[in-house]
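Coordinate inspection notes
Here is how the chains run, residue by residue.
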Amino acid sequence: MSSRTNISCLQEAKRVAIFGGTHGNEMSGITLVNMWIQNSAEIERNGLVIKPFISNPRAVEKCTRYIDTDLNRAFTPENLSAPDVEGLPYEVQRAKEMNRMFGPKGSSDAYDAIFDLHNTTSNMGSTLILESSTDLFNLQMVHYIKKAMAPHTCSVLLNEHPQLKYSTTRSVAKHPIGLEVGPQPQGVLRSNVFEFMRTILKHALDFIELFNSGVEFPPCTVDVFRVQERMDYPRDTNGNITAMVHPHLQDCDWEPLNRGDPMFLTFDGRTVLYEGANTVYPTFINEAAYYEKQQAFMTTCREILAANAIRKACK
Amino acid sequence: MKAVAMPTVSRVAVCGGTHGNELAGIYLVREMLKKRADGTEPVSVVTVMSNPRAAQLCVRYVETDLNRCFTRAALSAPVSETSPYEMVRSQELNALLGPKASMQAVDLLCDLHNTTANTGLCLITYSDRDWICLHICKHLQAQMASTPVRYVHFDIPLNEAYSLDSVGKHGFAMEIGPQPHGVVRSVIFSAMQEGVQLMMDWICQFNSGTLFEGGWVDVYTMVKNIDYPRDSETHVITAAVHPDLQDRDFCLLHPGDPMFLCFSGETLRYRGKEALYPFFINEGAYYEKGVALSLARKRRVQIPSVL
């Protein structure tokens, strides 16, 4: 490593996977991966092994989010080390199997990068999800993707929160990247959403190919939204929701929410205001799958992350 | 047209959760059930959660689509413990709100639905000369400023009419979109609440002797469904609804207009000879039914004054 010019030399990224159908009703990723399993020409890159893969085939078959438990929460240390016994939930079995194929998580044998393709009913547009603020490879990649996609906006969501961070399917890899594109209803394929996701992946693979060929990427900064808090719906004593996301907040992902702004509208017409002290940037507003996870939206704060220049390490 | 005298609409049913993941109707029915009737209402309203098991699981149906179980054949089929849940349930609902085609049936059945398609508010029914339904539509169109309201007609005889709304003497599905399944959007909930309230207001005024002036209503009559292009061997879809058609429900589709954008990049165009009105464009629940969109003919129907 040259300390004078501060370039980080990183290992080549040789093995890459693209996961679709981690949730069986999020159609863009399922359609793309099935297409690429049939014909991989579009995703082939020099010197790269790229594996398109359907994470949860049983859920995809039923066009449902999951069979027994959410696969995208199942890659916990406890689950991955659970003994092979009968009666394990389907997704826990699947997590163990995928950890064997693409991991083991945390080891040097793990896949270098995994792209996990998701859709959301929220108006998040194209979002790239990171789990670490210090993964230089990923920071440089999202910077590259954002520039390549411009003027179309790609937002970057960083979930490094100690309690709210969860054990994703992609976390098996050294460099996990979530792609979340919305709004799209579950079970529906919208052409524009499909094409955005397809293009983002094209740029991501281009970046990896360039990196592996020895290209140096100069220092950069990345605007991110860092996860702060989960906000639930108001509920009654039976756990039923008593209000909906307010029309002024609905579809306003990534826009500032200030103290006193409307947040929820009760079924009988009363407005509930946001009372937090600081301005936050909500996201995952009214995501269908999160009603059962007690989440109406997530709050984030804006941050600028800096990344060193990077270059492939010489052998 | 001469004014038509019609019997009072004394018994009304409002049903939600016929599909357990269409949330505006589910939450509206729950709210209506909380406000107990105090016996002074001018109209008797029975509020029903049609498919409680599906609503509990937030799925469209548990074993089979409840809203296809109301044909005469389905309602008279023998049911046992091994019958699909929804087949048993449709017969329970028929006993409660019908029997269909009998004098005991409720006068009006309003069945609440949501769709992922950008339909606005539609009243969907089997008749294009049911003056009660047509007048309710005209009333909603006049009163609802920010929501488009349309009348959609499926030309199917009563015996073969398969949906819950066919159980009432008069009936329609009140379908509002766009809303993803499993989500309640406040704008959609409010529109549904307003639609039901306006329907009840019309019924009360009608029952108390108000004359409603006749006029004209545009009726969209369903002509055919169009499926996605599919791979001949695997049956997997090979295209998405074209961006130029997506969300353009009830905008006239001309021969040659784009319909599908294939994953290969090719555009497939509408090959019919007649310009028609597309609706239910890209409804999530219809992929398994082989329907990408439906096409309708529009015509102006004259309706008489009623009292």
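The shown structure was predicted, so the numbers you read here are calculated from the model rather than taken from an experiment.

Contact residues are listed per partner, giving 26 residues for chain B and 26 residues for chain A. Between chain B and chain A the total buried area reaches about 2200 Å² when both faces are included, carbon and sulfur atoms providing 59% of it. The largest contributions to the chain B side of the interface with chain A come from Arg185, Ser186 and Phe263 of chain B, which together make up 26% of the buried area. The interface formed by chain B and chain A includes 2 salt bridges. Among the salt bridges present, the one from Arg190 of chain A reaches Asp247 of chain B, with a minimum N-O distance of 2.7 Å. On the surface where chain B and chain A come into contact, there are 8 residue pairs in polar contact (both at pLDDT 80 or more). Counting only elements with at least two residues in the side of chain B that touches chain A, the list comes to helix 1 (23-34), helix 6 (186-207) and strand 8 (239-241) of chain B. Tallied by class, residues from the side of chain B that touches chain A come to 14 nonpolar, 8 polar and 4 charged.

Glancing now at the packing of aromatic side chains. By convention here, two paired aromatic rings are described through the distance between centres and the angle between planes. Taken as a whole and assessed by the stated rule, the structure comprises 30 aromatic pairs over all chains. For the ring pair Phe267 of chain A and Tyr27 of chain B, a centre distance of 5.0 Å and an interplane angle of 20° mean the geometry is stacked. Of this pair, Phe267 of chain A sits in the loop between strand 10 (262-266) and strand 11 (271-273) while Tyr27 of chain B sits in helix 1, on two different chains. No difference in accessibility class separates Phe267 of chain A from Tyr27 of chain B, as the two residues are buried. Relative to Tyr277 of chain B, the ring of Tyr220 of chain B has its centre 5.4 Å away and its plane inclined at 80°; by these criteria the two rings are edge-to-face. Taken together, the residues Tyr220 of chain B in strand 7 (residues 215-226) and Tyr277 of chain B in strand 11 (residues 277-279) connect sequence positions 57 residues apart. When sorted by exposure, Tyr220 of chain B lands in the same class as Tyr277 of chain B, which is buried. Ring pairing ties together the aromatic residues Phe154, Tyr220, Phe250, Tyr277, Phe279, Phe280 and Tyr286 of chain B, which thus form one cluster.

All names here are of chain A. Strand order in the open sheet made by the 9 strands is 3-2-4-7-5-6-8-13-12, with mixed pairing throughout. The open sheet has two edge strands with one neighbour each: strand 3 (49-54) and strand 12 (281-283). Each strand axis lies, on average, 30° off the axis of its neighbour in the sheet, ignoring direction. Sheet topology note: the strand 8 (residues 220-231)/strand 13 (residues 297-307) ladder contains 11 bridges and is antiparallel.

Residues and elements named next belong to chain B. Taken domain by domain, chain B consists of domain 1 (12-219) and domain 2 (222-297). Look at where the C-alpha atoms of domain 1 and domain 2 centre, and you get two points 27 Å apart. On the domain 2 side, the residues contacting the 19 residues of domain 1 number 15 residues. Counting each side, the surface lost to burial between domain 1 and domain 2 is near 1300 Å², with a carbon and sulfur contribution of 53%. Where domain 1 packs against domain 2, one counts 1 salt bridge. One salt bridge connects Lys289 with Asp65, and the closest N-O pair in it is separated by 3.0 Å. Put simply, domain 1 and domain 2 have 10 residue pairs in polar contact (both at pLDDT 80 or more) between them. Sorting the residues of the side of domain 1 that touches domain 2 by element identifies strand 4 (120-125) and strand 5 (149-153) as the ones contributing at least two each.

The next thing to look at is helix 1 (residues 27-38) of chain A. All names here are of chain A. Helix length check: helix 1, at 12 residues, gives a terminal C-alpha distance of 17 Å against a target of 16 Å (1.5 Å per residue), a fit within 8%. When helix 1 is considered as a whole, its buried residues turn out to be Met27, Ser28, Gly29, Ile30, Thr31, Leu32, Val33, Met35 and Trp36. Those residues of helix 1 that are buried lie in contact with strand 2 (15-20), strand 3, helix 2 (57-62), strand 4 (113-119) and helix 6 (191-212).

Turning to the domain arrangement of chain A, a few remarks are in order. Residue and element names in this part refer to chain A. The domain architecture assigned to chain A consists of domain 1 (7-224 + 306-312) and domain 2 (230-299). It is Asn123, Met124 and Leu164 that lose the most area in domain 1 upon contact with domain 2, and together they represent 31% of the buried surface on that side. Counting every contact that joins domain 1 to domain 2 gives 1 salt bridge. Linking Asp70 and Lys293 is a salt bridge whose minimum nitrogen-to-oxygen distance equals 2.9 Å. Scanning the region where domain 1 abuts domain 2 turns up 11 residue pairs in polar contact (both at pLDDT 80 or more). Among the elements of the structure, strand 5 (125-130) and strand 6 (154-158) are those that each provide at least two residues to the side of domain 1 that touches domain 2.

Attention now goes to the UniProt feature "binding site: Zn(2+)" (unreviewed entry) in chain A. All names here are of chain A. Sequence positions flagged by UniProt for "binding site: Zn(2+)" (unreviewed entry) are, in local numbering, His23, Glu26 and His118. Taken together, the annotated residues stretch across 96 residues yet fold into one region, lying no more than 7.4 Å apart by C-alpha. When you line up the elements, His23 lands in the loop between strand 2 and helix 1. Residue His23 is classed as buried on the basis of its relative accessible area, which comes to 3%. Beyond its immediate stretch of four places on either side in the chain, His23 contacts Ile30, Thr64, Arg65, Asp70, Asn72 and His118. By the secondary structure assignment, Glu26 is in the loop between strand 2 and helix 1. Among residues more than four places away in sequence, those in contact with Glu26 are Arg65, His118 and Asn119. Side-chain polar atoms of Glu26 contact the side chain of Arg65, separated by 3.3 Å.

Right, let's talk about the UniProt feature "domain: Succinylglutamate desuccinylase/Aspartoacylase catalytic" (unreviewed entry) in chain A for a bit. In the numbering used here, UniProt assigns the "domain: Succinylglutamate desuccinylase/Aspartoacylase catalytic" (unreviewed entry) feature to residues 13-208 of chain A. The straight-line gap between the two end C-alpha atoms of residues 13-208 of chain A is 7 Å; of that span, 34% is helix and 19% is strand.

Now for helix 5 (residues 136-149) of chain A. Residue and element names in this part refer to chain A. With 14 residues, helix 5 should cover 20 Å at 1.5 Å per step; its first-to-last C-alpha distance of 20 Å lies within 8% of that length. The complete set of buried residues in helix 5 reads Leu136, Phe137, Asn138, Leu139, Gln140, Met141, Val142, Ile145 and Met149. For helix 5, the N-terminal capping position is held by Asp135, with its side-chain oxygen 3.2 Å away from the main-chain nitrogen of Phe137.

Residue and element names in this part refer to chain A. Between Ala150 and the following residue, Pro151, the backbone shows a cis peptide bond with an omega angle of 5°. With respect to the helices, strands and loops of the structure, Pro151 is situated in the loop between helix 5 and strand 6. Even without glycine at this site, Asp251 takes up a positive phi of about 75°. Within the secondary structure layout, Asp251 lies in the loop between strand 9 (243-245) and strand 10. Taking the relative accessible area as the measure of exposure, Asp251 reaches 27% and is therefore partly exposed. Positive phi is not limited to glycine here, since Asn286 has a value of about 60°. Tracing the backbone shows Asn286 in the loop between strand 12 and strand 13.

Cut-offs used in this document
Along every chain, residues carry numbers that run from 1 in the direction the sequence is written. Chain letters and ligand numbers both follow the written order, the letters beginning at A and the numbers at 1. At least 70 in pLDDT is required for a residue's local features to be given in this predicted model, at least 80 for side-chain atom pairs to be given and counted, and no such filter applies to totals for whole chains, interfaces and linings, which use all residues. Think of the side-chain values as coming from all heavy atoms in the structure, minus any hydrogens and water. Every residue pair with non-hydrogen atoms within 4.5 Å of one another is taken to be in contact. When two components associate, each loses some accessible surface as probed by a 1.4 Å sphere; the sum of these losses over both components is called the buried area. Criterion for a salt bridge: a side-chain nitrogen of Lys or Arg within 4 Å of a carboxyl oxygen of Asp or Glu. Counting of polar contacts relies on pairs of N or O atoms within 3.5 Å, with two restrictions inside protein: one atom must be capable of donating a hydrogen and the other of accepting it, and residues adjacent in sequence are counted only when both atoms are side-chain atoms. Comment: elements are numbered from the N terminus, with helices defined as DSSP H or I runs of at least four residues and strands as E runs of at least two. Ten residues, namely Ala, Val, Leu, Ile, Met, Phe, Trp, Tyr, Cys and Pro, are considered nonpolar, four, namely Asp, Glu, Lys and Arg, are considered charged, and the remaining ones, Gly among them, are considered polar. Two rings belonging to Phe, Tyr or Trp (six-membered ring only in the last case) form a pair when the distance between their centres is within 6.5 Å. Interplanar angles under 30 degrees mark stacking, angles over 60 mark edge-to-face geometry, and anything in between is tilted. Working definition: with a 1.4 Å probe on protein chains only, accessible area under 20% of the residue-type maximum means buried, over 50% means exposed, and in between means partly exposed. Only strands that DSSP links by at least two bridges are regarded as paired with each other. Only C-alpha atoms enter the line fits that serve as axes; for helices the fit covers just the stretch in contact. Angles between N-to-C directions range over 0 to 180 degrees. Each domain's limits were defined by an automated method or a database of domain assignments. Take the residue count of a helix, subtract one, and multiply by 1.5 Å to get its expected span. UniProt positions are given in the numbering used here, feature names are shortened, and annotations may be inferred rather than shown by experiment.

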